[in-house]
Amino acid sequence: MNFVAELLQFGDREFYKDWWNSETVTYFWANWNIPVHKWCLRHFYKPMLKKGINRRLAQTAVFLVSAFFHEYLVSVPLRMFRLWAFMGMMAQVPLAWFVSRFLNGNYGNAAVWISLIIGQPVAVLMYVHDYYVLHYEGST
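Parameters at a glance
Residues numbered from 1 in each chain as written. Predicted model: local features only at pLDDT ≥ 70, side-chain atom pairs only at ≥ 80, totals over all residues. Heavy atoms only, no water. Buried < 20%, exposed > 50% of the residue type's maximum accessible area, 1.4 Å probe, protein only. Helix = DSSP H or I, 4+ residues; strand = E, 2+ residues; numbered from the N terminus. Expected span 1.5 Å × (residues − 1). Contact = heavy atoms within 4.5 Å. Polar contact = N/O pair within 3.5 Å; in protein donor to acceptor, adjacent residues only side chain to side chain. UniProt positions renumbered as here; feature names shortened; annotations may be inferred. Phe/Tyr/Trp six-rings, centres within 6.5 Å; stacked < 30°, edge-to-face > 60°.

Draft legend 1. How the structure looks around unusual backbone geometry. Look at Arg-79: it is not a glycine, yet its phi comes out positive at around 55 degrees. Owing to a relative accessible area of 75%, Arg-79 belongs among the exposed residues under this scheme. For Leu-83, which is not glycine, the phi torsion reads 70 degrees and is therefore positive. Relative to the helices and strands, Leu-83 resides in the loop between helix 4 (55-78) and helix 5 (84-90).

Draft legend 2. Seen up close, helix 4. The first and last C-alpha atoms of helix 4 sit 35 Å apart over 24 residues, in line with the 34 Å expected at 1.5 Å per residue. Buried within helix 4 we find Ala-58, Val-62, Phe-63, Ser-66, Ala-67, Glu-71 and Ser-75. In this structure, the buried side of helix 4 is in contact with helix 2 (25-32), helix 3 (34-50), helix 5, helix 6 (92-102) and helix 7 (106-135). Sitting at the head of helix 4, Asn-54 places a side-chain oxygen 2.7 Å from the backbone nitrogen of Arg-56.

Draft legend 3. The arrangement of the UniProt feature "transmembrane region" (unreviewed entry) in the chain in detail. The sites that UniProt annotates as "transmembrane region" (unreviewed entry) are residues 81-99 and 111-129. Across residues 81-99 one finds 79% helix and 0% strand; the C-alpha atoms that close the span lie 30 Å apart. End C-alpha atoms of residues 111-129 are separated by 26 Å, and the span's content is 100% helix alongside 0% strand.

Draft legend 4. Up close: the environment of Val-36. One can find Val-36 in helix 3. Distance in space between the C-alpha atoms of Val-36 and Phe-15 is 9.0 Å, their sequence separation being 21 residues.

Draft legend 5. Representation of the packing of aromatic side chains within the structure. One pass over the structure, following the stated rule, counts 15 aromatic pairs. Ring geometry for Phe-28 against Trp-32: centres 5.2 Å apart, planes inclined by 35 degrees, an arrangement best described as tilted. Taken together, the positions of Phe-28 and Trp-32, both in helix 2 and 4 residues apart, correspond to about one turn of that helix. Residue Phe-28 is classed as buried on the basis of its relative accessible area of 2%. Residue classification places Trp-32 among the partly exposed residues on the basis of a relative accessible area of 36%. Seen from their ring centres, Trp-97 and Phe-102 are 5.8 Å apart, and the 85 degrees between their planes marks the pair as edge-to-face. Taking the relative accessible area as the measure of exposure, Phe-102 reaches 48% and is therefore partly exposed. Joined through ring pairs, the aromatic side chains of Tyr-16, Trp-19, Trp-20, Phe-28, Trp-29, Trp-32, Phe-63 and Trp-113 make up one cluster.

Structural data, given as structure tokens:
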């Protein structure tokens, strides 16, 4: 990404921080994709706080918007609406609460990595399964 930023003379070249060292899920999501995180802060989170919405509800609303777009970006190309990406993103909210409350240090980092190693591939496999059932199962 930095190479493309140099070619395009993009001023802000900070695309991610040390997300692999995340000890909480919220730290992971804040450092995984910096441009998207800043956009969500600027256009959703901070305006909600200014309107008096509590911090937890504002965070959940940002995840709701993010979950919608994740599902949209998967559903449209596959031409099937299944909600696996939406549910995977929304599952991050209780996971973030659990990890921040009960797991510290390396245990929190392990929880983040387990959610990455198991959670995302399971969601992808659910789409693969549903796509196969929808398009190929009846023809064999």
